[in-house]
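So the chains spell out like this:
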Amino acid sequence: MSWALLLFRPWAPFLWIFPVSVLSSSPASPFLLTFLTLPLPTAFQGPTSYQAIQISSFANSSWAQTQGSGWVGDVQIHGWDSAADRAIFLKSWSKGNFSDEEVAEVEEIIQVYLSGFVLEVQDHASEFQMQYPFEIQGIAGCQLHPGGGTESFVRGALGGLDFVSLKNYSCVPAPEGGSRAQRICELVSQYKGIRDIGEKLLFETCPRYLLGVLDAGKTELQRKVKPEAWLSASRPPSPGRLLLVCHVSGFYPKPVWVMWMRGEQEQRGTRRGDVLPHADGTWYLRVTLDVVAREAAGLSCRVRHSSLGGQDIVLHWGNPISIGLISLAIVVPLLILLIGFLCGFLRRWSYQSIS
């Protein structure tokens, strides 16, 4: 049995509020000092956070499945192959500045943690009145601030509802967690080892890893891709109305501001869809406005994005002349078809009359 198993197994039912992301093999320095003195890359542009996500699904007392992932901002850089029990490095720079030895140790700790976690949760499910099937979610990580400090975070959820979190270095039960969450926090507070491991992961290792991975991946993380934008429209169920659609596509990074405008006035009826990923890592957004058709003229869609250098994209919906031309382009072919049909009908009618 490895040292990691001896270390983690007794506390596995409670460690899910500290999902293991990275753990250094170097001796721990005082975490508060590390928290205060971490250097921040000068004028860093791009994401400044790392978070590890764990989702464990328990169908019954003998079957469970765990998914794990690691993210820098909105970019996934780690996965977990539960079949092979190995980490998946999705980027060439996913290891940051960690050595191969450190990475191997981290991988072993995660293996032991996940296997022990599942076994212990199943063993204690009845004690904590867990009704199958259920799902446990955990997220832990750290974020750098412009002033040079860091903020670490831990949140646990049961079935999608807040369960516990970390505040001022203490486990805090969520109101939604009820007595079960309170009991978990009481048990965690009794184990100094848990606190020591959590503090090291959150306040020493995570910031050190984050600084390394931000530097290793800066070419990709700091890239900027300008969006393309276009307008379209469809008719909603209500007669006499138009659903105007502003499409914004191919932009990076993810944050973007899109609004339907009349002059300089934002339109309160603007509806923003979900920001969806493209296969190349860029993003797509659809923003709509339901209006009376005759009031559509004069509206515009404004797009703001960090890649545009302060020069917003502004797309104007057609004015009355352009709408008239569009209508004319539709009506004229219909009239030609109608005239052709009438002429053919009259010729056939005349021929039949002569006969």
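Each chain carries its own residue numbering, running from 1 in the written order of its sequence. Predicted model: local features are reported for residues with pLDDT of at least 70 only, side-chain atom pairs are reported and counted for 80 or more only, and whole-chain, interface and lining totals are derived from all residues. For side-chain calculations, the full set of non-hydrogen atoms in the structure is used, while hydrogens and water are omitted.

Secondary structure follows DSSP: runs of H or I at least 4 residues long count as helices, runs of E at least 2 residues long count as strands, and numbering of each begins at the N terminus. Helices are assigned an expected span. That span is 1.5 Å times one less than the residue count. The end-to-end C-alpha distance of helix α4 (residues 178-189), which contains 12 residues, comes to 17 Å, matching closely the 16 Å that a straight helix rising 1.5 Å per residue would cover. Within the span of α4, buried status applies to Ala181, Ile184, Cys185, Leu187 and Val188. Take α4 and look down its axis: the buried residues cluster within an arc of 160°, on one side only. Think of it in three bands: residues with accessible area under 20% of the maximum for their type are buried, residues over 50% are exposed, and the middle band is partly exposed, with areas taken using a 1.4 Å probe on protein chains only. This arc is taken over the directions from the axis of the helix to the C-beta atoms.

Turning to the confidence of the model for the protein chain, a few remarks are in order. Regions with low pLDDT carry predicted coordinates that are not meant to be interpreted in detail. Of all residues in the protein chain, 77% have pLDDT values of 70 or greater, and the mean over the chain is 81. Across residues 1-42, confidence stays below pLDDT 50; counting only partners more than four residues off in sequence or on other chains, it has 112 contacts. Confidence of the prediction at every residue is given by pLDDT, a number between 0 and 100. What makes two residues a contact is simply this: any of their non-hydrogen atoms within 4.5 Å. Between residues 319-331, whose pLDDT stays under 50, and residues either more than four places distant or in other chains, the model counts five contacts.

Let's shift gears to the sheet that holds strand β16 (residues 299-304). Strands belonging to one sheet form pairs held by backbone hydrogen bonds; the direction of such a pair is parallel or antiparallel. Pairing between two strands requires that DSSP report at least two bridges joining them. If you walk across this open sheet you meet the four strands as β12-β11-β16-β17, and the pairing is antiparallel. With one partner strand each, in any of the chains shown, β12 (265-266) and β17 (313-316) form the two edges of the open sheet. One ladder, built from four bridges, connects β16 with β17; its direction is antiparallel. Looking at β17, one finds that Cys301 is bridged to Leu315.

On the basis of which strands lie adjacent, the open sheet formed by eight strands has the order β4-β3-β2-β1-β5-β6-β7-β8 and antiparallel pairing. A strand with exactly one partner marks an edge of an open sheet, and here the two such strands are β4 (86-89) and β8 (170-173). Sheet twist, expressed as the average angle between the axes of neighbouring strands with direction ignored, equals 20°. For strand β5 (residues 134-144) and strand β6 (residues 150-158), the ladder comprises nine bridges, and the chain directions are antiparallel. Following the sheet pairing, Gln137 is matched in β6 by Ala157. Helix axes are fitted to C-alpha atoms over the stretch in contact, other axes to C-alpha atoms as well, and angles between N-to-C directions run from 0 to 180 degrees. Sheet contacts for α4: β6, β7 (161-167) and β8; angle to β8, the most-contacted strand, approximately 170°.

With that settled, the discussion passes to unusual backbone geometry. Omega for the bond connecting Tyr132 with Pro133 falls within 30 degrees of zero, at -10°, which places this linkage in the cis form. With respect to the helices, strands and loops of the structure, Pro133 is situated in the loop between α3 (100-124) and β5. In this chain, Tyr252 is followed by Pro253 through a cis amide linkage whose omega measures 5°. Position of Pro253 relative to the elements: it lies in the loop between β10 (241-251) and β11 (257-262). The residue Asp85 is not glycine, and still its phi comes out positive at about 60°. Mapping Asp85 onto the fold places it in the loop between β3 (75-81) and β4. The backbone of Gln129 sits at a positive phi, close to 55°, despite the residue not being glycine. Position of Gln129 among the secondary structure elements: in the loop between α3 and β5. Take Gln129: its relative accessible area is 57%, and that puts it in the exposed class.

Attention now moves to the environment of Leu90. In this structure, Leu90 sits in the loop between β4 and α3. Taking the relative accessible area as the measure of exposure, Leu90 reaches 42% and is therefore partly exposed. Taking the C-alpha atoms as reference points, Leu90 and Gly70, separated by 20 residues in sequence, lie 9.7 Å from one another. Ignoring any residue separated from it by four or fewer positions in sequence, one finds Leu90 in contact with Gln76, Ile77, His78 and Gly79.

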